[in-house]
Structures are given as C-alpha cells and as structure tokens.
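The lines below spell out each chain.
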Number of protein chains: 2
Amino acid sequence: MDRTETPCGLDVALLVIGGKWKPLILFHVQDGPTRFSEIRRRVGGVSEKVLIQQLRDLVEMNVLLRRDHHRVPPVVDYALTPFGETLVTALAPLCEWGTVNRERVSAMRESTAMERNALVG
Amino acid sequence: MDRTETPCGLDVALLVIGGKWKPLILFHVQDGPTRFSEIRRRVGGVSEKVLIQQLRDLVEMNVLLRRDHHRVPPVVDYALTPFGETLVTALAPLCEWGTVNRERVSAMRESTAMERNALVG
DNA sequence: GATAGAACCTACCAAAAGGTAAGGGTAAAA
DNA sequence: TTTTACCCTTACCTTTTGGTAGGTTCTATC
C-alpha cells in the first residue's frame, strides 16, 4: 500500500510539541501538578519569558491545565489534561529512543561540526 | 520515582527530526529508496533548497542513505538506514496520535487565532 | 527597612530557519 | 532546436524563535 495518500500525523504532533522546551516541559510535569518555579528549576536553562510562552501555548492547545490558586504572592501550577496524557503516552517511545541514542547522536553532531570547521580553517 | 534526575530523550530526538519537513520526509521514504524529485512531489510545498538541506541533515545523522547512481542527467535516491528505521518505528505512535487528533488540533489553533484577532480588531 | 521570592509582562535584539529567484550542466523528448 | 527534467547551488530576504534585561505587585523573612 502506498502511503502517498494517507497523510502523516507528525506535522500535527509537531504543531503541539514544536518549541525548544515543550517536550521537556511535558516530561517534567507528568508526575503531577507542578508549580511554575519548580518547572523552571527542573527544566533548567530556560528564561522565564520563554517558559511562560511555551506553557501558554500548551495551555491553549489543551495539553496543560493552568491552575491559579489566587494567592498572593502568586501560586500557580500546571498539570496534564487527559488530552495531554495521550500525547505524553504517544511521546514515550521517542523519548526512549532519544535516551538510548543520546551518545550516538551527539557524537555524530560533533564529528560533522569538526568536518565543517576543517573545511573553513 | 522522581524523573528529575533521568533526563528526557526528547531533546535528542528533536535534534534529529527538528525541521519543518523532516518528519514528512521520513514518512515518505519508508516504503523504499525514493528519488529526490519523487520525495519533492510527495511531500509537497517544499522548495528544492530546503528539501536538500533537510535531506543532507538526515544523511549526516545517518538516518538516510544517499545513493548516487552516477548517471547523467543525475539519478539519486534516498533510503532509510537501519538506524533510521529505528527512528521511524519510535515515531509511529506520535504519527498515529497526530492523525487521530488532526481535526481537534487544527480546530483549536483556529479558535485561538480568532481570539487573538478579536483582541486586535 | 532592605531583601528575596512568587508569577508574570514589556521592549528590544540576535540567531536560526525557512522561502524566493535565479542559474548550471547534461541528455532525452517534443 | 527549443523545452523539459534531473539534482542540485548561490545570493538574498523575511519570518520565526529564542534570549537579555529590566519592571511590577505583593508578602514573608532577615
């Protein structure tokens, strides 16, 4: 059977998880509702601005639920929606693939970078 | 168990499939070696420049194999490597997820876009 | 009284990614 | 003989994305 006619759903998936930090966010939120500052600490390396952007995108897509506890100073946490859970489930094999092949991939990236530098120098 | 210490492999996976057309390319190549022009037709909407860029990235990453048949006018095709096959396998659930949720996701994107426009206008 | 921490927002800037338009060298088809 | 198709390449430009640095409002703590 020819797959030319059956469009691939990966474009849809990437609409949702496309963004430098979104996969990591999903990963670090899957154990339960997590506060903003805690996500920031766990993800590591994100600026607040970008974190909020990506969190908002995920909330808009109904992947995450934002809960404002209406306290001051603010208390807000984010949790997976049922829809978000299906996404995380679908993401699991890819996550595992990445974990298994981390070394391999980063080694390849380094070697090709070296080749490029050799051509330049 | 706390996942804070076990890094998520999704960042690695996105290094490989990150790029507007890469998932689609992988999808359209999985039935066997495919010629450049055929990939271009199947993917649809890519410029030659970008297609070649992404194909080269995938070749560098050892996901695809480029075979030059040394004819003129040129005959070149691209096929999945064994490594690439493992990636496609890991990608399958996400692909299915996207297919199942295509309507839902595009509906959400449209509604939030409408909200934004309403705020502007 | 100064400071730190919570969860953001805003203006501005840099880098990366993608897109457009043109060309190139060959051979077969029209 | 002009056109078409093949698989690219290059120069240039626009869009998207991400990052920096500052500010805000409030409370609890030192």
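Above: the structure in question.
Residues numbered from 1 in each chain as written. Chains lettered and ligands numbered in written order. Predicted model: local features only at pLDDT ≥ 70, side-chain atom pairs only at ≥ 80, totals over all residues. Heavy atoms only, no water.

Some details on the nonpolar core
Ranked by size, the top nonpolar core spans 70 residues in total, and within it Val63(A), Leu64(A), Val63(B) and Leu64(B) carry the most contacts. Among the elements that take part in this core, helix H5 (residues 82-120) of chain B stands out by supplying ten residues, more than any other. Sequence-distant contacts of Leu64(A), that is, excluding residues within four places in its chain, are made with Ile25(A), Leu26(A), Val29(A), Leu55(A), Leu58(A), Val59(A), Tyr78(A), Ala79(A), Leu80(A) and Thr81(A). (Core = buried A, V, L, I, M, F, W, Y, C linked by side-chain atoms within 4.5 Å. Buried < 20%, exposed > 50% of the residue type's maximum accessible area, 1.4 Å probe, protein only. Helix = DSSP H or I, 4+ residues; strand = E, 2+ residues; numbered from the N terminus. Contact = heavy atoms within 4.5 Å.)

Thoughts on the protein's contact with DNA strand C
Taken together, 23 residues surround DNA strand C, and among them Ser37(A), Glu48(A), Arg66(A), Lys20(B) and Lys49(B) come closest. Of what DNA strand C places within 4 Å of the protein, 69% of the atoms are sugar or phosphate. In this structure, Lys20(B) approaches DNA strand C through a main-chain N or O atom, which is 2.5 Å from a phosphate oxygen. At the level of elements, helix H3 (36-43), helix H4 (48-60) and strand E3 (76-80) of chain A together with helix H4 (48-60) of chain B are the ones that each hand at least two residues to the surface near DNA strand C. No other element matches H4(A), which puts four residues into the surface near DNA strand C. A class-by-class count of the residues in the surface near DNA strand C yields eleven nonpolar, four polar and eight charged. (Near = heavy atom within 4 Å. Polar contact = N/O pair within 3.5 Å; in protein donor to acceptor, adjacent residues only side chain to side chain. Nonpolar A, V, L, I, M, F, W, Y, C, P; charged D, E, K, R; others polar.)

Here's the deal with the protein's contact with DNA strand D
By nearness alone, 22 residues border DNA strand D, and Lys20(A), Lys49(A), Glu48(B), Arg56(B) and Arg66(B) come closest of all. In DNA strand D, atoms within 4 Å of the protein come 68% from sugar and phosphate. Separating a phosphate oxygen of DNA strand D from a side-chain N or O atom of Arg66(B) is a distance of 2.4 Å. Note that a phosphate oxygen of DNA strand D is positioned 2.9 Å from one of the side-chain N or O atoms of Tyr78(B). Elements represented by at least two residues in the surface near DNA strand D include exactly H4 of chain A together with helix H3 (36-43), H4 and strand E3 (76-80) of chain B. Ranked by residues supplied to the surface near DNA strand D, first place goes to H4(B) with four residues. Considering only residue class, the surface near DNA strand D consists of ten nonpolar, four polar and eight charged.

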